[in-house]
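# A structural walkthrough
Listed below, chain by chain, are the residues.
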Amino acid sequence: MTPADPDRPVYRLLPEVHRSRDAELGHPLRSLLEVVEDELLRLREDIDGLYDNWFVETCAAWVLPYLADLLGPGDLTGGPGGAVPRRALVAHTLANRRRKGTPGALAEAARDITGRPVRVVEYFQLLGTTQNVNHPRPGNVRTPDLRDTARLALIGTPFDRTARTVDVRHADRGRGRHNIDVVGLHLWRLAAHPCTGVDARAVDAAAGRWTFDPAGRDLPLFSRPRSAAAPAAETDAPAPLRRLRLHQELTALRAGSPSTLFAGPDPLLTVTLPDGRVEPARLICADLTDWARPPAPADGAAPQVAVDPALGRLTLPPGSAPERVRVAYSYGSPGDLGAGPYDRRATLTTALAAAGTPWPDAPDWQIAVSRDLAGSGDPSVPTVTTLGAAVTAWNERPDPRPGQVGVIAVQDSATYDEDLTGPRRILIPPGNRLIVLAAGGRPAALGAFGLRPHLTGTIEAAALGGQVAEPSQLVLDGLSVEGRITVASGNLDSLVVSGCTLVGDRAATLPDGGLISAADNPRLAVRLLRTVCAGVRLSDVPTLDLADSIVGPRAGGLALDAQPADVGIEASTILGRTTARSLTVSDSILRDRAEVVWRQQGYLRFSYAPPDSRVPRRYRCQPADDAAAGRVAPAFDALDPAAPGFGRLAARCPAEIAEGAENGEEMGAYRFVRQPRRLADLTGRLDDHLRFGLEAGVFLAD
C-alpha cells in the first residue's frame, strides 16, 4: 500500500510512522479503515453521479427519459425506430430548440429521427406574388424561363425553385404545398451504396459496349451524400444521376471550373482502362440507348469514354477493345439487402449463429482470393487469383478431420467468370464447416463490408461420405452470383446463404439462373438471410427457413418449390407461387397462391396471402375477408431486380400491408428498415420544432 493510493483516501492521510508500524503488525489499522473508506467512496461516487446527471452528455441511462420529459411533449425516449442513440437525440433536441423553426434545425431533427437525408423547403418563399419595388426577388418570376432546361428539369423535385400560385390545401395531409405558412420536408428513402474496383460487364467488347453493373443489367447510377448536412444540391442527395447534370459537371470541368462530383480522392464515378484511370475531362455524358460510340481520337489525343448515368452504360471509341474495364460508381437500394458493400458484420454473426454449432474465433484453415493478388496482409494466409483455385486447395488439403473450420475470403469486388462444378465443386467432408464470404483484411477477422464480388457461373456443393457427430455446414455471405447454387446428393447438414444476390444471366441462356436448389440431403436445413434470389427448389430436403429475404419473380411463377420441406418464413417477400409440406409465416408477403400439404400444423400471422391459397390457419392476416380482397393487395415500386426500388412497398400500398406487421412496421423483406415507425416519429415530433403559425408536410423524394 503506497501513501498516494487514491483507493485509500483516509489511510494515506495518516503519518508515515503509523503506516509503517501498521505494516509491521500486519495492517490491522488499514483493515479497520477499509470499512470507513468503502462508505466514503460510495458517498463520493453518488455525489459525482448527481453532478453528472445534470448534463445529457454524462448522465446515466436511466436519467435520459426524465431529461427528455423536461423538454416538453413528444417521444424523445429513442427506441428501435430511432436513427440515432437516445442520448444524442436528446442533446440535439436541446440544440435545435434554440433555433426552432429554421430549415437547418428542421433538417437536423428529421435526420436524427429517420436516419435519412432530408431537404427542407420554405414554400412561402416560392409563391408567385406581386413584388414590392423595395424588395424585389428576381428569381421568383411568375413564368419560368423555357430556355433554362436545367431549371425546368428540377420541376417537381425537392430542388424546384419555380414560383407557383397559392395552394390552400393542407400540407400536413400531403395535398398542398405552396402556401404562406407551409414548410416541406423532402425525405429520401433510398440509400446510395458506393462500389469500387468493379469489373464492368462487356456486353460486346468488340463494339465497345460495357455496363457498370457486373451482371450486364441496365442499372441507374446514383449520386451520394458527401456529408451529413442536408442536401444543398441534387448531387448531394442519394438520387439517380441525371444526364443533364453530369453533362454540366463535365462541361464545367473541361472549362477549368472546379467540380463537386469529381473532386477529392473519392470521385462519384471512375472508369479505369488497362493503361490507367480515364481523366474526368475525357468522359462524355451521352444517351446510350442505341449504344452510340464516341468518335475515334485524333492523332496523339487521348480516347474519350461515353457514359450514360441513366442506363449505367459506357462505350469506348472505335479501335478500343480492352480485355478489362474497371469502374467505380454508386447504386441505389431501399436497405441493406442482398450483396452489397455495406457493413454485413452483424448479419454475418446472425448467419453463423443460424448454422447451429458455435463457430470458433479463429479457423483451422483459411485462404484469400484476389484477382489482382493484393494479398490478405498476413503472410501466413496464402492468396490465389480464382475461386476455383481456393476451392481446390480446400478440397485437397491434407488430413481433413471432423470439426475443422475453413474460410475462403474474397478480398475485392472483381468478377470471377468460372463454374465451381465438377472437379472444382465445394466438398464438405464429414463434420467440416466452410464459409465463403466477401471480406477485406485478414480472413480470420471476417471484416465483411466494402466489397461486392461477382461470380458468373454455378456454385455446386456436396457433403460426401458418412455421418459423424459434428455437423457438415456451408455458409455463403456477401456474394453476387450470376447463376445458381446447387447442393448435390449427400449428407450436408446446413446451408446458410446470407447477404447474397442471385440473378440470371442477361441473355437468359443459363438454365435456372438465380435459383437455389438442393436434392437428396435427408438432414439438410437451408437458411436464407438478407438474400435476393429468383427461386428455391428442394427435393428430399426437410427444412427451409427464410428471413428478411426476397424470392422471385421467376419465369413460370413458382418461387418456392419445397413441397417435401417444412418451410418457415419471417419478414420476407415471396414474388411467386409457394408449395410446402408445412408452412409457418410471420410478417411476410406471399404475393401469389400458396399450396401447403399439411395444413393442420403451422400458421400465417400478420402476413398477406391471396384468398385462394391453401394454407394453415391465419391470424390477423390480409386480406381480412373476401370483400377486402379487391382493395387490400401489395403494391411495389418495382419488380425488376435491377431497379433501385425492387421489392419496396409503394407509397400507394394499403395501410393494412404497409403497417400490418406485428410491431406496426411494413410486411415483407424491408421490415427491418422500420420505415413506417420512422415516418410516424417524424410527423409526431414536427410540432416541437416548428414556430407558431407554420405547417409542415412530409414528402417522399423518391
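So, here is what we can say about the structure in this document. (Residues numbered from 1 in each chain as written. Predicted model: local features only at pLDDT ≥ 70, side-chain atom pairs only at ≥ 80, totals over all residues. Heavy atoms only, no water.)

## Describing the environment of Thr165
Among the secondary structure elements, Thr165 is positioned in the loop between α6 (149–152) and β2 (182–187). On the accessibility criterion, Thr165 (45% relative accessible area) is partly exposed. The spatial distance from the C-alpha of Thr165 to the C-alpha of Asp561 is 56 Å, given a sequence separation of 396 residues. (Helix = DSSP H or I, 4+ residues; strand = E, 2+ residues; numbered from the N terminus. Buried < 20%, exposed > 50% of the residue type's maximum accessible area, 1.4 Å probe, protein only.)

## Digging into the packing of helix α4 (residues 86–97) against helix α5 (residues 103–114)
The geometry of α4 relative to α5 is characterised by a closest axis approach of 10 Å and an angle of 170° between their N-to-C directions. Regarding the angle of α4 to α5, the classification is roughly antiparallel. The interaxial crossing formed by α4 with α5 has left-handed handedness. Residues Leu89, His92 and Asn96 of α4 touch α5, and the partners they reach there are Ala105, Glu108, Ala109, Asp112 and Ile113. Of the residues belonging to the contact of α4 with α5, the class tally is four nonpolar, two polar and two charged. (Axes fitted to C-alpha atoms, helices over the stretch in contact; angles between N-to-C directions. Parallel < 35°, antiparallel > 145°, perpendicular 65-115°, else oblique. Left-handed = near helix turned anticlockwise from the far one by under 90°. Contact = heavy atoms within 4.5 Å. Nonpolar A, V, L, I, M, F, W, Y, C, P; charged D, E, K, R; others polar.)

## Topic: the packing of α5 against helix α12 (residues 675–685)
It is at 9 Å that the axes of α5 and α12 come closest, and there the two elements cross at 145°. Of the two elements, α5 crosses α12, and the hand of that crossing is right-handed. When α5 is examined against α12, the residues Ala110, Ile113 and Thr114 are found in contact with a partner set consisting of Arg678, Asp681, Leu682 and Arg685. Taken together, the residues of the contact of α5 with α12 sort by class into three nonpolar, one polar and three charged.

## Considering empty space enclosed by the protein
Rolled over the atoms, a probe with the dimensions of a water molecule shows which regions are left empty. Within the structure shown, the criterion is met by five cavities of 30 Å³ or more. Looking at the largest cavity, its volume works out to about 290 Å³. Looking at the largest cavity, it is lined by 24 residues, and the ones nearest its centre are Tyr331, Ser333, Leu337, Arg452 and Pro641. Counting residues per element, the ones that place at least two in the lining of the largest cavity are β11 (326–333) and β24 (501–503). Among the elements that line the lining of the largest cavity, the one with the most residues is β11, at four residues. Per-class residue counts for the lining of the largest cavity are 15 nonpolar, six polar and three charged. (1 Å grid on protein atoms, 1.4 Å probe; cavity = no way out; pocket = protein on both sides within 12 Å on 5 of 7 lines; lining within 4 Å. Points joined across faces, edges and corners; volume = space filled by probe spheres on them.)

## Concerning the sheet that holds strand β8 (residues 283–285)
Reading across the sheet, the five strands line up as β4-β5-β10-β9-β8 and stay open at both edges, with mixed pairing between neighbours. Two strands in the sheet have a free side with no partner beyond their single neighbour: β4 (201–204) and β8. When the angles between neighbouring strand axes are averaged without regard to direction, this sheet yields 30°. Across three bridges, the pairing between strand β5 (residues 209–211) and strand β10 (residues 313–315) is antiparallel. Directly across from Arg209, in β10, lies its bridge partner Thr315. Contacting β8 and β9 (305–308), helix α7 (residues 243–254) crosses the sheet at an angle of about 145° to β8. (Pairing = 2+ DSSP bridges.)

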